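Close look at the chain arrangement
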Amino acid sequence: MAKELGEGSELMEAAVAELLVCPKLHALHDSRWLLESLPSPLCLACAAETLQGDGASLVRKNHVLSCLRDVLTQHAALVIPLLTQDGRVCVHFIATLFGILKSTEDNCILDLSIEVLVMFLVKLKLERYLHYLLKECQQELCKVAITRGSLPILILLGKLADIIPIFADELLNEHSNMLEHLATSLMYPNERIKAAVCYLYGKLYSVPNAAERLFVHFTERLCGLFLTTLKNAQTKELQLNCMGLLNQLLKYDHFVSVIMSNSGKGADSTSPELFEGESPLPLILKKLLLSRDELLQVASAQCIAAVLVHSPAKYASIFIHADIPEFLFECLFCTSEILIWSIYCCLLLLTEEHLFFSKCHTVYGIEPILKSLREVLHLNNVELHKQGLLLLTEILKRQPVEIKLFTNATVFKDAVSVLVEAVNCPVLEVASEAVKAATVLLRKDHVSFPPVQYGELQKLVESVLKQCSDLPLLPPNRGLMGHQNKAVSRQGQFMQSALESFRNACRLAMEYQNDPLAQENPFTAPNSERKDTLKSFSEFLLRMSDSICIPIFMNYSERVVRPALMEVFISTLNILFRIVPDMSKRFSIKLATSSFIRLNLELKATFCAGQSNPALNLACSSFLHSLCLSLHSSSKKMANSTQEEQEISGLLQRNLLQLNSGVEESLTLLSEIPDSCCLDATLRSHQYSLLLLFYFAFSQGDRFVPEAELFSAIRSFLLSLQHQGDCPPPYVFRAALYLLGICQDKTKALDVASLSCIKRVLEITSDFALVYVHHPQLLNFFLFYPELMGRFGHRILELWFSCEDYNQTESEDAVTRINNSVSDSANYFDSLLCMLKENPSALLVLLDLVCQGTKEVAHKVLVTLETFLKANEDVCVCDLLRSQFLQILQKLLVENSSSILQENQTLPLLLNLLFLVQLRYVMERELDSTDFRLIHLVSNLSGKCSPTDLELLQPSLNFLYWSLQQTTLSSQQQVVAMLLSNIPLLELLGRVLQLTGILPSSSEPAFSLSSEALICSAWLLTAALLTQQHIYKTEVHHVIHLEVDQVFSAVAFRKKKPTLFFVSILQFLRVFLRQNLSSSLVKFVVHHTDQHERELPLSKEDATLYPLAMRHVLSLVISLQNLLVQKDLLLSQTVIGCLEILLEYLHGKNQVIASHIASQPWNKFLLITLLDGRENSFLHPEILKLVTLCVQYQSTSLISQSEISHVLEEAANTKLLELPDATVSALHSFLLQVSTLVKMVADH
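Reading the values: the criteria
Residues numbered from 1 in each chain as written. Predicted model: local features only at pLDDT ≥ 70, side-chain atom pairs only at ≥ 80, totals over all residues. Heavy atoms only, no water. Helix = DSSP H or I, 4+ residues; strand = E, 2+ residues; numbered from the N terminus. Buried < 20%, exposed > 50% of the residue type's maximum accessible area, 1.4 Å probe, protein only. Areas by Shrake-Rupley, 256 points an atom, 1.4 Å probe, with all protein chains shown as cover. Salt bridge = Lys/Arg side-chain N within 4 Å of Asp/Glu carboxyl O. 1 Å grid on protein atoms, 1.4 Å probe; cavity = no way out; pocket = protein on both sides within 12 Å on 5 of 7 lines; lining within 4 Å. Points joined across faces, edges and corners; volume = space filled by probe spheres on them. Nonpolar A, V, L, I, M, F, W, Y, C, P; charged D, E, K, R; others polar. Contact = heavy atoms within 4.5 Å.

Looking at an unreviewed UniProt entry, one finds the protein named Meiosis inhibitor protein 1, with Eublepharis macularius as its source organism.

Listed below in structure tokens is the structure:
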């Protein structure tokens, strides 16, 4: 039993030892101090006595402090209420912990004591305990003076200042004497003490109220000591705490002023460590920048920025003289984002000082900045990207013109490369900053070093515009949420920056126009292609504006219209007019056709009313001025175009800024009539300017004003002119006339008063060309009003043809166009033909121009009339034109000799026209005196020509031929008599026909398509004369002799000869053979001699065929067979007809020869070739005629009875009414021959 009691006693003692911190004293303590509810029960009284007493080991005290820290951290709600029951206990507890700071040197215990003490005070939240502790600290500092023992107290004060908000106020209010001890501590050599003091000061100065109250202390006592401490600091802890204090001090402007003006005299003057002279801070910060410690470099850069932010103009020069920028640039070669950010901030502030640039720091630092930016752009730090680009932008913007920032092309290329990379960044904010930098880079002084890097500039501009094109356009900002509105705003700012960049590039190209050194690369090798030139760069800018810039910004403006953006856009376009003068015409026309006049007028009306947006108003007005002048200069030049251009320029410059009204207001202004008592010159000037704007817009297809309303307004304008008796300048009246012509088809006709005004102005106009515009609708306007056409028709048509530019070939092409699309008013020539069709009376005016106009005008008129007659066969104008042709032809023949007529270019056109008119008469008609006089003139003219006058003879012979064919019998006889009595004409025909036998040769230009056509016409006319002379037995005054060998040789088939060539000769042979080769008009010349020119006797066959020979007959038959195989319809008809007459002629001369010719085996093969296996082939007219000839001349070896039966069977199975007339006629002849053959067989 005793043993068990002993064991229980030991267990109890162990339990007590576990529960009680101090077992020996625990029994004396009240149980309320025991915290049993904790995971590890603790007696606060035991803990206090353990810490207070000297008997406990350091390990024991460390353990107790750790337990107290844990309890205060995790169970403050149990401990604090217990201790605050009695204030003496709290004071005792604070004193106990504070006593450890005074008595212990162990750093671990000191740190724990400070931590527990600070935590306890914070949990208590009672000012009296803080006051008590500060009082104790002050007393202790007074006791220890400047000793190492003050370090824990200083650390404690720093911790308290860091965590208790009212600490600074409490210290300054109740314990300000402590400040003297703090300042004195900075003179103590222990850097840990200095670091603690600086930390405490830093916390005090971080409170604005406290900082204000400590200003005098800082000025009188602390400033010099602090700067000395900072300069001599060796440990990192002291350096960082000093920089922390400095950073707090630099938040206040007056502290910065004191620090930057301090010369070191504020400290103990006997100390050799203090500075003399200027402020030591820049040198101190420079020293820290040189250190390899990143934290110190960051702190130094931040302090520099903190000083500069107060007044760059005041302090930047101090840092610049200390060469701080150079060291900042060197620090950029690092990877620390916060350090780079800090340096960017410093440099950005330094850019506000001109000295930063004048001492060439930017020239030195541009390469480090570019290299830094290149590396930074690869980091995922948007703000750092923006800050670096902002720095580059400011440097580029503020760099003096006289100091070149880029010393060589390599650095410039690096800058472009960095900016291109930044512009292509997907983050819009970064790209925006890059575009701003690019905008400033595109400045003449930045790129003006030979050679100018146009290729690099193109890359930069293209990347900027490409980024714009890739930007998804957001909807307008109406009704959007706040963040969406911000996105739209950022997008708009980016677009504006990009456009400003493009504008600077255009301005750069314009400024280089007059710089010879900038035109091209002077270092280009000889004979090599020069690509990097100003011209190529300017053309590139125009292409970019056309393909990217204009489409993008027009598309954007349809969603959001920003006056500032549009001002940049319009001013950019205005610059583009001047960078490539050669292309300004095309550029201005494209802008005008794309409704840019309308756009600018709408912008002015919307945003520039009154005095609003003067920059936009000026930009739009300047653009309209340049565009109008460019359009005017691109039009047809007149004699006084330079003076007129100057007048238009002055008029627009005076008025465009005031014309800020919409369409309706502008029309009202145009219709307004000035007061007759007091003429309003400004109103009239505004009206003139409006008419010019409408004219230039409408002339390029931009009809943004309703035509009917504009027509009415101009009508009112004309009436006001009539009422006031004003006469507008010619260019203004020209615009009014043009607009009236354009709008005429949309409204009613003008009244008499308006027409009277127009006639009055036109009559007093010295030169009609001054008010003329070459446009179909203006011409149509005059044609619409007989009053105008009768008075001014000749002048306006003469001007029309003077401005037109076409030749005979073009007129033939126009015929094709008219046939395809008669109403194609886009082509002026085609439009004229349409107007002539609607106004046939205008043809008389045209014919008058042939007589009265210049040769050029007359030529163009005849081309037009010729084309008109070809294209409009349904218009009856023959009787209207023939008498005029007679007068014109008489005039030409009287005024010109024969030699001059051959060189006259108008006469062939007139003759062609005469022939075209003659072709209109498809029915036979009785000729009148005008016709006979025309025939007489044309035949006489033809007789005066030589065979080489192709252009004259061709239409003349055609006219004579058609006159002979399309007439009644009585008229025909008179024509034949007239022509056969004209010996020169017959002689000419003979000479032309003789050309037929001459073989073509490339050395003889006479043999061309034109000469062949003339020969064809001559054969046809001869055949017609031969026929009619035979009919009427007309007397012949000259015989045409033809070489028989040449004639039959010409018929020989040649592929290069046209079909009409063979048709015309065969037609002549057919007529001549029908007359048995005997006529008083034509004679065959036969040469039957040997090589010695001796007459040879004729064979029996040749004698019967004379003047032909058997060889002529065989040659002709072979030629006819070859021509028939060509299967040309016209040629086949002519060949069969000639073959019929030939066999008839041969049958009459020698029946044996005729049968021999008809029975040749080749004819059978020819028949098989023509049949060609087609269905109903025998029923083709030519084949039927060929078969008929075989039957007629009893050539049964060629056509058998079965084949005849087959033809009859095909005919029986065919409906006669469905067959063509030619087939029916040929079938009728075939049946007659078959019936004759059957009858002969039956008789036999």
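So that's the structure; there's more coming.
Observations concerning the overall build of the protein
A count of helical and extended segments in the protein gives 64 helices and four strands. Taken across its 1244 residues, the protein has 53% of its residues classed as buried. Roughly 56000 Å² of accessible area belongs to the protein as shown, and the carbon and sulfur atoms make up 53% of that amount.

Some remarks on the pattern of salt bridges
Within the structure shown, the criterion is met by 23 salt bridges. Between Arg374 and Asp414 there is a salt bridge, with its nearest N and O atoms 4.0 Å apart. Here Asp414 lies in helix 25 (residues 409–423) and Arg374 lies in helix 23 (residues 361–376), a separation of 40 residues in the sequence. On the basis of relative accessible area, Arg374 is assigned to the partly exposed category, the value being 26%. A relative accessible area of 32% means that Asp414 is categorised as partly exposed. When the shortest N-O distance is used, the salt bridge between Lys386 and Glu383 registers 3.6 Å. One end of the pair, Lys386, and the other, Glu383, are both in helix 24 (residues 382–398), three residues apart, so they sit about a helical turn from each other. By relative accessible area, which is 42% here, Glu383 ends up partly exposed. Within this structure, Glu383, Lys386 and Glu429 form a network of salt bridges that share partners.

Some words on empty space enclosed by the protein
With the rule as written, the count across this model stands at seven cavities of 30 Å³ or more. Along the walls of the largest cavity sit 14 residues, with Leu1139, Leu1143, Ile1157, Asn1163 and Leu1186 positioned nearest its centre. For the lining of the largest cavity, the secondary-structure elements that each account for two or more residues are helix 58 (1110–1125), helix 59 (1129–1149), helix 60 (1151–1158), helix 61 (1161–1171) and helix 62 (1181–1192). Tallying contributions element by element places helix 58 first for the lining of the largest cavity, with four residues. Of the residues belonging to the lining of the largest cavity, the class tally is twelve nonpolar, two polar and no charged.

Details of unusual backbone geometry
A cis amide bond, omega 15°, links Tyr1106 with the succeeding residue Pro1107. Topologically, Pro1107 is positioned in the loop between helix 57 (1100–1105) and helix 58. Unlike most non-glycine residues, Asp323 shows phi in positive territory, near 60°. Tracing the backbone through its elements, the reader meets Asp323 in the loop between helix 19 (312–321) and helix 20 (324–331). In this structure Asp323 comes out as partly exposed when scored by relative accessible area, which is 28%.

Structural notes on the environment of Lys386
Through-space distance from the C-alpha of Lys386 to that of Glu433 is 6.1 Å; in sequence the pair is 47 residues apart. Beyond its immediate chain neighbours, meaning those up to four positions away, Lys386 contacts Glu429, Val430 and Glu433.

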